[in-house]
Amino acid sequence: MSLPSVRPRLRRALRGGQRPAAALLVGGLLLAGCGTAGPASVHHDAAGDKSAGSPESDADGGRGGHGGQGAQSSDDGKGNANRSETRSALTARIPDQSAPTLPGVGPLMTGEISPSTRQAVLVTGADSDTNTATFRLYERDSAGSPWRPVTDVWRAHNALHGWTRHHMMDDRRSPVGVFSLTDAGGKLTDPGTRMPYDHSFHFTAYGYGFHGEPLSGAFDYVVAINYNRDPGTSPLDKDKPMGDARGGGIWIHVDHGGPTQGCVSISKDHIRKLLRLLDPASHPVVVMGDAASLAR
């Protein structure tokens, strides 16, 4: 859906008294990914990613980011351990060599990548309970040709409690799988992406993350991950084809320095670069999950 067709939809929602999805993040990020569940909040993930910066974003309107009240103490020390991980250890997870399959991605997950896809973001967590990951963009010329790394290995955060193959609202885990990337947006102006870009004030995150870090700026730039959403709509769109219970509002957004409710976050410089590199004509996807799940 083009930007002109998205805006009228948002205006109709506002006239009807509905709150934009981005605002949800801010109030509690209820969408299922980055937001915390709160009476008047709209996390992108409707309950997923409450930390900062995604539909289920981390903005929960109060301390604790992804987890809301008491979220800071709910990571059982995993966040501190993850923050001490060295860059060399992160880099070691994703080999540099080009190959017909993405590094560390097994036949089952590879089979979910469309033959028409020529760009793939690979997000890999060390195990199912970690909330830090590696992030890298790959490209190929055609189906069956080698994947080539386009970017360096970037550091990323995922959900507070790690990864799951069956994401549910408020489980504070990021969904494992292969998801298309078709729509972007943000509070700041379009940095030069070829993707449809919804520039809106409603991409505003408030509150604090799980480690007490401010969430402001987390939604300056976002790329919607097509988990439980309608492709071709603004990242702020609240429709969830699989139902609210399965969460939603899972985005790639600006990192706020801690785990999310369900989204994936990278630095502002890196997401700006990503937005310029992603090409709808290449049918980009994100392949995301813990190493064991991706190796299937």
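Basis of the calculations
Residues numbered from 1 in each chain as written. Predicted model: local features only at pLDDT ≥ 70, side-chain atom pairs only at ≥ 80, totals over all residues. Heavy atoms only, no water. Helix = DSSP H or I, 4+ residues; strand = E, 2+ residues; numbered from the N terminus. Buried < 20%, exposed > 50% of the residue type's maximum accessible area, 1.4 Å probe, protein only. Contact = heavy atoms within 4.5 Å. Areas by Shrake-Rupley, 256 points an atom, 1.4 Å probe, with all protein chains shown as cover. Pairing = 2+ DSSP bridges.

Q: Where do I start with the overall build of the protein in this structure?
A: For the protein, the helix and strand inventory stands at 7 helices and 13 strands. Taken across its 296 residues, the protein has 57% of its residues classed as buried. Looking at the protein alone, contacts between residues at least 24 apart form 63% of all its contacts between residues at least 6 apart. Carbon and sulfur atoms make up 53% of the accessible area of the protein, which totals about 10700 Å².

Q: Would you take a moment to explain the environment of Thr110 for this structure?
A: For Thr110, the location among the structural elements is in helix α5 (residues 107–110). As for Thr110 and Pro100, which are separated by 10 residues in sequence, their C-alpha atoms are 10.0 Å apart. Beyond its immediate chain neighbours, meaning those up to four positions away, Thr110 contacts Thr101 and Val105.

Q: When you look at the pairing of strand β1 (residues 119–125) in this model, what are you seeing that I'm missing?
A: The two faces of a sheet get side chains in turn, since along a regular strand they alternate between them. Counting buried residues in β1 gives 7 out of 7 residues, a clear majority hidden from the surface. Residues Gln119, Val121, Val123 and Gly125 of β1 are buried on one face, and the alternating residues Ala120, Leu122 and Thr124, pointing to the opposite face, are buried as well. Examined bridge by bridge, β1 and strand β2 (residues 132–139) share 7 bridges and lie antiparallel to one another. In the sheet register, Val123 faces β2, and the bridge partner there is Phe135. Connecting the antiparallel pair β1 and β2 is a turn made up of 6 residues.

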